[in-house]
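Each chain, letter by letter, is given below.
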Amino acid sequence: MQRERIAMSELDKRLVSLAEDYVTEQVYRVGDRSYAWEETDYRSDDLDGDVVCGECPPSDADHYSWWEVVSCEIESSEVDDRNDETGEYSVTVKAWVAVSSGDEEEEVDKNVAPDLRTIYVQLDRDEEGDFCVVGTEE
(Lines give C-alpha, C1' and ligand atoms only; values in the text may rest on other atoms or scores of the structure.)
Protein backbone atom coordinates (compact mmCIF):
# COMPACT_ATOMS: atom_id res chain seq x y z
CA MET A 1 0.00 0.00 0.00
CA GLN A 2 2.78 2.44 0.90
CA ARG A 3 4.55 1.72 -2.40
CA GLU A 4 1.39 2.47 -4.42
CA ARG A 5 1.01 5.80 -2.63
CA ILE A 6 4.61 6.76 -3.46
CA ALA A 7 4.15 5.75 -7.10
CA MET A 8 0.95 7.80 -7.32
CA SER A 9 2.71 10.77 -5.81
CA GLU A 10 5.55 10.47 -8.34
CA LEU A 11 3.04 10.26 -11.19
CA ASP A 12 1.25 13.37 -9.91
CA LYS A 13 4.59 15.19 -9.75
CA ARG A 14 5.33 14.19 -13.33
CA LEU A 15 1.89 15.29 -14.57
CA VAL A 16 2.22 18.64 -12.77
CA SER A 17 5.71 19.16 -14.17
CA LEU A 18 4.56 18.41 -17.73
CA ALA A 19 1.57 20.76 -17.39
CA GLU A 20 3.65 23.59 -15.92
CA ASP A 21 6.30 23.23 -18.63
CA TYR A 22 3.61 23.34 -21.30
CA VAL A 23 2.11 26.52 -19.86
CA THR A 24 5.47 28.32 -19.60
CA GLU A 25 6.93 27.04 -22.89
CA GLN A 26 3.89 26.90 -25.18
CA VAL A 27 0.90 28.83 -23.86
CA TYR A 28 2.59 31.82 -22.18
CA ARG A 29 6.21 31.74 -23.31
CA VAL A 30 7.91 34.98 -22.29
CA GLY A 31 8.73 37.08 -25.34
CA ASP A 32 6.11 35.51 -27.62
CA ARG A 33 4.26 38.14 -29.60
CA SER A 34 1.11 37.79 -31.67
CA TYR A 35 -0.48 40.24 -34.06
CA ALA A 36 -4.05 40.93 -35.16
CA TRP A 37 -5.34 42.98 -38.08
CA GLU A 38 -8.37 43.25 -40.26
CA GLU A 39 -8.47 41.98 -43.82
CA THR A 40 -11.17 43.31 -46.09
CA ASP A 41 -12.18 41.77 -49.38
CA TYR A 42 -12.33 44.84 -51.60
CA ARG A 43 -14.00 42.82 -54.37
CA SER A 44 -17.00 42.28 -52.13
CA ASP A 45 -19.84 44.58 -51.11
CA ASP A 46 -19.28 43.44 -47.54
CA LEU A 47 -17.36 46.26 -45.87
CA ASP A 48 -16.77 44.29 -42.67
CA GLY A 49 -13.43 42.55 -42.68
CA ASP A 50 -12.20 39.41 -41.05
CA VAL A 51 -9.81 39.64 -38.11
CA VAL A 52 -6.65 37.72 -38.84
CA CYS A 53 -4.04 36.71 -36.26
CA GLY A 54 -0.44 35.76 -36.89
CA GLU A 55 3.04 35.58 -35.43
CA CYS A 56 4.49 38.21 -37.81
CA PRO A 57 3.30 41.77 -38.38
CA PRO A 58 1.25 42.19 -41.54
CA SER A 59 3.04 43.73 -44.51
CA ASP A 60 -0.07 45.11 -46.19
CA ALA A 61 -2.31 46.22 -43.32
CA ASP A 62 -2.72 49.89 -42.46
CA HIS A 63 -3.30 49.19 -38.79
CA TYR A 64 -2.55 46.24 -36.51
CA SER A 65 -2.53 45.38 -32.84
CA TRP A 66 -0.13 43.16 -30.94
CA TRP A 67 0.23 41.50 -27.56
CA GLU A 68 3.37 40.09 -25.99
CA VAL A 69 3.93 37.89 -22.95
CA VAL A 70 6.13 39.85 -20.53
CA SER A 71 6.20 37.36 -17.64
CA CYS A 72 4.72 34.05 -16.54
CA GLU A 73 5.22 32.69 -13.03
CA ILE A 74 3.53 29.53 -11.79
CA GLU A 75 1.73 30.01 -8.49
CA SER A 76 0.31 26.52 -7.98
CA SER A 77 -0.66 23.33 -9.78
CA GLU A 78 -2.65 20.25 -8.91
CA VAL A 79 -3.92 17.10 -10.57
CA ASP A 80 -7.71 17.43 -10.72
CA ASP A 81 -8.77 14.35 -12.57
CA ARG A 82 -6.87 11.15 -12.97
CA ASN A 83 -8.03 8.06 -14.83
CA ASP A 84 -5.25 5.50 -14.98
CA GLU A 85 -7.46 3.02 -16.88
CA THR A 86 -8.07 5.33 -19.85
CA GLY A 87 -4.82 7.28 -19.52
CA GLU A 88 -6.62 10.63 -19.30
CA TYR A 89 -5.52 13.29 -16.83
CA SER A 90 -6.35 16.91 -16.02
CA VAL A 91 -4.08 19.38 -14.23
CA THR A 92 -5.03 22.88 -13.11
CA VAL A 93 -2.20 25.39 -13.32
CA LYS A 94 -2.51 28.85 -11.76
CA ALA A 95 -0.01 31.36 -13.09
CA TRP A 96 0.65 35.08 -12.81
CA VAL A 97 0.84 36.26 -16.42
CA ALA A 98 1.70 39.76 -17.61
CA VAL A 99 0.76 40.62 -21.19
CA SER A 100 1.58 43.96 -22.78
CA SER A 101 -0.44 45.09 -25.79
CA GLY A 102 -0.58 47.96 -28.21
CA ASP A 103 -0.68 49.00 -31.84
CA GLU A 104 2.00 49.46 -34.48
CA GLU A 105 3.20 52.70 -32.88
CA GLU A 106 3.52 51.50 -29.27
CA GLU A 107 6.36 49.80 -27.41
CA VAL A 108 6.19 46.89 -24.96
CA ASP A 109 5.41 47.92 -21.38
CA LYS A 110 7.67 45.72 -19.26
CA ASN A 111 6.00 47.05 -16.08
CA VAL A 112 2.50 45.81 -16.87
CA ALA A 113 0.83 44.19 -13.85
CA PRO A 114 0.31 40.42 -14.06
CA ASP A 115 -3.10 38.76 -13.78
CA LEU A 116 -3.72 35.44 -12.06
CA ARG A 117 -4.87 33.01 -14.74
CA THR A 118 -6.18 29.48 -14.37
CA ILE A 119 -5.20 27.11 -17.16
CA TYR A 120 -6.69 23.62 -17.38
CA VAL A 121 -4.29 21.21 -19.06
CA GLN A 122 -5.50 17.87 -20.43
CA LEU A 123 -2.95 15.09 -20.85
CA ASP A 124 -3.18 11.60 -22.33
CA ARG A 125 -0.92 8.57 -21.86
CA ASP A 126 -0.22 6.44 -24.93
CA GLU A 127 0.36 2.69 -25.12
CA GLU A 128 4.10 3.12 -24.48
CA GLY A 129 3.40 5.06 -21.29
CA ASP A 130 4.45 8.45 -22.65
CA PHE A 131 2.38 11.52 -21.77
CA CYS A 132 1.36 14.31 -24.11
CA VAL A 133 -0.71 17.44 -23.74
CA VAL A 134 -3.88 17.17 -25.82
CA GLY A 135 -5.50 20.46 -24.90
CA THR A 136 -5.65 23.54 -22.71
CA GLU A 137 -8.47 25.81 -21.65
CA GLU A 138 -8.73 28.97 -19.60
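A quick note: this is a predicted structure, and the numbers were derived from the prediction, not measured.

### Focus: the overall build of the protein chain
Within the protein chain one finds 1 helix and 6 strands. In the protein chain, the order of α-helices and β-strands from amino to carboxyl end is α-β-β-β-β-β-β. In the protein chain, which comprises 138 residues, the share counted as buried stands at 25%. Restricting to contacts in the protein chain with at least 6 residues of sequence separation, those with at least 24 account for 55%.

### Section: the pairing of strand β6 (residues 131–137)
Relative to β6, strand β5 (residues 115–125) runs antiparallel, the two sharing 6 bridges. Residue pairing in the sheet places Gln122 in a bridge with Gly135 of β6. Linking two consecutive strands that pair antiparallel, namely β5 and β6, is a turn of 5 residues; a positive phi of about 95° is found at Gly129 within it.

### Notes on the confidence of the model for the protein chain
Within the protein chain, residue pLDDT values average 87, and 87% of them lie at 70 or more. Within the protein chain, the element-level pLDDT minimum falls on strand β2 (residues 50–54), averaging 81, and the maximum on β5, averaging 97. Contacts of residues 1–8 to residues separated by more than four positions or lying in other chains number 1 contact, the stretch itself having pLDDT below 50.

### Section: the nonpolar core
With 17 residues, the main nonpolar core has Val23, Tyr28, Val91 and Val121 as its most contacted residues. Those elements that place two or more of their residues in this core are α1 (2–27), β3 (64–83), β4 (88–103) and β5. In contact with Val23, not counting residues within four places along its chain, are Tyr28, Arg29, Cys72, Ile74, Val93, Ile119 and Val121.

### Description of the packing of aromatic side chains
For the structure on display, the rule yields 2 aromatic pairs. Consider the rings of Tyr35 and Tyr64, whose centres lie 5.6 Å apart with planes at 70°: the pair is edge-to-face. Placement of Tyr35 in strand β1 (residues 33–39) and of Tyr64 in strand β3 is noted, with a sequence separation of 29 residues between them. The buried category is assigned to Tyr35, whose relative accessible area is 10%.

### Side note on the pattern of salt bridges
Within this structure, the stated rule accounts for 6 salt bridges. Between Glu10 and Lys13 there is a salt bridge, with the nearest N and O atoms lying 3.6 Å from each other. Of the two residues, Glu10 and Lys13 both sit in helix α1, 3 residues apart, roughly one turn of that helix. Ionic pairing is found between Asp84 and Arg82, a salt bridge with its closest N-O pair at 3.2 Å. Overall, the relative accessible area of 36% leaves Asp84 in the partly exposed class. By relative accessible area, Arg82 is classed as partly exposed at 24%. Taken together, the shared-partner salt bridges in this structure form one network comprising Asp12, Arg82 and Asp84.

### Let's talk about a negative patch on the surface
The grouping of Glu38, Glu39, Asp50, Asp60 and Asp62 at the surface amounts to a negative patch. Relative to the helices and strands, Asp62 resides in the loop between β2 and β3.

### Points about the side chain of Ser100
Residue position: Ser100 is located in strand β4. Of the polar contacts made by the side chain of Ser100, one reaches the backbone nitrogen of Asp109; its length is 2.9 Å. Residues in contact with Ser100, not counting those within four places in the same chain, are Trp66, Trp67, Glu68, Val70, Glu107, Val108, Asp109 and Val112.

The rules behind the values
- Residues numbered from 1 in each chain as written.
- Predicted model: local features only at pLDDT ≥ 70, side-chain atom pairs only at ≥ 80, totals over all residues.
- Heavy atoms only, no water.
- Helix = DSSP H or I, 4+ residues; strand = E, 2+ residues; numbered from the N terminus.
- Buried < 20%, exposed > 50% of the residue type's maximum accessible area, 1.4 Å probe, protein only.
- Contact = heavy atoms within 4.5 Å.
- Pairing = 2+ DSSP bridges.
- pLDDT = per-residue confidence, 0-100.
- Core = buried A, V, L, I, M, F, W, Y, C linked by side-chain atoms within 4.5 Å.
- Phe/Tyr/Trp six-rings, centres within 6.5 Å; stacked < 30°, edge-to-face > 60°.
- Salt bridge = Lys/Arg side-chain N within 4 Å of Asp/Glu carboxyl O.
- Patch = residues over 30% accessible without salt bridge, like charges linked within 9 Å, V, L, I, M, F, W, Y side chains within 5 Å.
- Areas by Shrake-Rupley, 256 points an atom, 1.4 Å probe, with all protein chains shown as cover.
- Lys, Arg positive; Asp, Glu negative; His and termini not counted.
- Charge placed at Lys NZ, Arg CZ, Asp CG, Glu CD.
- Polar contact = N/O pair within 3.5 Å; in protein donor to acceptor, adjacent residues only side chain to side chain.

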